[in-house]
Each structure stands twice: as structure tokens, then as C-alpha cells.
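# Observations on the three-dimensional arrangement
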Amino acid sequence: RDLNTYLANLRVSYEFAPRYEAFIRGSVNRRVYDEDDPGGFSRDSKGFRAAVGATIDLTGVTFAEVYVGYVLQDYDDSDLGSISGLDFGGRLVWNVTQLTSIAANVDRRVQDSNTVALLASGGSALSPGYLRTNVGVSVDHELLRNVLITGRVGFQNDDYENIDRDDDRIDIGAGIRYSLTRNLYLGASYTYSHRSSDGDNAGGDFNRNLFLIRLGAQL
């Protein structure tokens with residue numbers, strides 16, 4: 001499943017009032033897999049997304065960005081077809097105090113999957129992938145000058161193309177970051193995830209407990 005993804009993005013903005021900005025943006029992509037699928041078909045595809053939006057900066061305390069548009073991913077193999085839909089998203093950052101900030105975000109994207117599902121008629125249907133919608137909220141608090149704690153919760157929906165399957169996933173996590181020096185830090189985090197899958201072609205449900213320890217460097 002190794003692949004190369006090529007991207008080109010363009011964004012044009014216009015400040016129509018102090019701290020208020022409108023923009024249009026677009027991107028094109030090309031996904032090229034090293035090998036064909038074992039079933040004999042190519043999973044290569046090309047796609048684009050286009051959107052209009054606006055940003056608001058309220059004196060550095062609150063920053064918001066929203067956009068809406070259209071997304072399409074067209075697969076080279078006619079058996080896979082294409083995935084398309086409404087493209088929307090946004091981000092809100094609220095600096096509650098000098099030590100605490102809250103961020104909320106939502107976005108959509110096309111993910112490859114190529115899932116084969118058995119139909120009630122005895123045949124099979126091939127899904128090229130799904131349209132994923134992410135929603136998340138995180139809170140950062142500077143406990144000490146060199147200690148940052150984080151809490152986050154997220155929801156993810158995967159709407160599969162060509163088959164009857166819809167997956168929901170909830171993530172709840174927390175973490176801590178300790179700055180050893182200006183350029184070196186140590187971090188730890190825990191995330192609990194639960195996925196449920198619905199529909200005639202549903203996959204399995206699962207729970208996941210993910211622990212991470214990280215040593216990082218920054219300029």
C-alpha cells in the first residue's frame with residue numbers, strides 16, 4: 001500500500017475590514033500507488049477541493065476561521081468510482097487567560113480504504129474509501145513556566161462510499177509536556193478510543209488505550 005501523494009494549494013485573501021478577512025482557496029492532488037491491488041485494479045486517483053471562507057481576529061484573544069466548499073476524489077479504475085461531498089470546516093481559538101486556551105476545530109477529508117463487502121444478493125461491492133468528518137476540542141493550560149498540560153476530546157465519522165457502512169469513533173485524552181531546556185522537551189499522553197461500526201457491511205467495534213512517551217527537540 002505504499003504510495004506517493006502530490007499536492008498543490010492556493011489561497012487568496014482580502015482584508016475587507018480591520019481583523020476581518022475573506023478568502024478563497026483551492027487544492028489539487030494526485031495519489032499514485034506503487035503496486036496495483038491484489039484484486040487486479042489500480043487505486044490511483046486524482047482530486048480537488050475548493051472553498052470560500054472568512055477569518056476573524058478579535059485583538060488576539062479570540063481567533064476564528066470558517067469555510068465551506070466542495071471536495072471530489074476520482075479514482076482511475078471505474079470499479080472504484082469517486083467520492084464527493086460538501087467540504088466544510090473551521091477553527092476557533094479562545095485565549096481564556098494568559099495561561100489557558102481552548103481550541104475547537106472541524107474538518108472533512110477523503111480517505112482511501114478499498115473495502116470489499118458482501119451483498120445480500122450474494123455478490124460483492126467495492127468501496128474506494130470514505131468521507132471522514134472530524135470534530136475536536138482541546139484545552140491547554142500552562143501549569144508552570146515549563147509545564148504544559150492538555151486535555152482533548154474528539155469525534156470522527158467515516159461515511160463509506162458504495163457500501164452500507166458508517167463508523168463513529170470517540171477519542172478522549174490528556175497529556176503533559178515538560179520543557180527540559182528551550183530546545184528540548186519531554187512529554188507523555190494517554191488516549192482512550194472507542195469505535196462503533198453500523199450498517200449491513202459494518203466492521204468490528206473496538207476499544208483502544210494508547211500511551212505515548214515522547215522526547216522532542218525544537219528550534
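Residues numbered from 1 in each chain as written. Predicted model: local features only at pLDDT ≥ 70, side-chain atom pairs only at ≥ 80, totals over all residues. Heavy atoms only, no water.

One pass over the full model with this rule turns up four aromatic pairs. Judged by centre distance (6.3 Å) and plane angle (50°), the rings of phenylalanine 16 and tyrosine 20 are tilted. Aromatic side chains phenylalanine 48 and tyrosine 70 sit 6.1 Å apart centroid to centroid with 45° between the ring planes, which places their arrangement in the tilted category. Here tyrosine 70 lies in strand S4 (residues 62-75) and phenylalanine 48 lies in strand S3 (residues 45-58), a separation of 22 residues in the sequence. Under the relative-accessibility criterion, phenylalanine 48 is labelled partly exposed at 34%. Residue placement shows arginine 11 over the ring face of phenylalanine 23; its charged tip is 3.8 Å from the ring centre. Cation over ring: arginine 177 sits above tyrosine 185, and NZ or CZ is 3.7 Å from the ring centre. (Phe/Tyr/Trp six-rings, centres within 6.5 Å; stacked < 30°, edge-to-face > 60°. Helix = DSSP H or I, 4+ residues; strand = E, 2+ residues; numbered from the N terminus. Buried < 20%, exposed > 50% of the residue type's maximum accessible area, 1.4 Å probe, protein only. Lys NZ or Arg CZ within 6 Å of the ring centre and 35° of its normal.)

Turning our eyes to something else, we now look at a negative patch on the surface. Taken together, Asp2, Asp34, Glu35 and Asp36 make up a surface patch of like negative charges. On the secondary structure map, aspartate 34 appears in the loop between strand S2 (20-33) and S3. Take aspartate 34: its relative accessible area is 49%, and that puts it in the partly exposed class. (Patch = residues over 30% accessible without salt bridge, like charges linked within 9 Å, V, L, I, M, F, W, Y side chains within 5 Å. Areas by Shrake-Rupley, 256 points an atom, 1.4 Å probe, with all protein chains shown as cover. Salt bridge = Lys/Arg side-chain N within 4 Å of Asp/Glu carboxyl O. Lys, Arg positive; Asp, Glu negative; His and termini not counted. Charge placed at Lys NZ, Arg CZ, Asp CG, Glu CD.)

Let us look at the pairing of strand S1 (residues 3-17). Each regular strand shows side chains that alternate between the opposite faces of the sheet. In the sheet, S1 pairs with S2 via 14 bridges, with the strands oriented antiparallel. Looking at S2, one finds that arginine 11 is bridged to arginine 25. Between S1 and S2, which pair antiparallel in sequence order, lie two residues; one of them, arginine 19, sits at a positive phi of approximately 70°. (Pairing = 2+ DSSP bridges.)

With that settled, consider the side chain of aspartate 167. Within the secondary structure layout, aspartate 167 lies in strand S9 (residues 166-179). Its relative accessible area of 2% is what places aspartate 167 among the buried residues. Polar contacts involving the side chain of aspartate 167 include one to the side chain of serine 197, which spans 2.5 Å. In contact with aspartate 167, other than residues within four places in its own chain, are Gln156, Asn157, Asp158, Tyr160, Arg195, Ser196, Ser197 and Asp198. (Polar contact = N/O pair within 3.5 Å; in protein donor to acceptor, adjacent residues only side chain to side chain. Contact = heavy atoms within 4.5 Å.)

Honestly, it's all geometry; don't read function into it.
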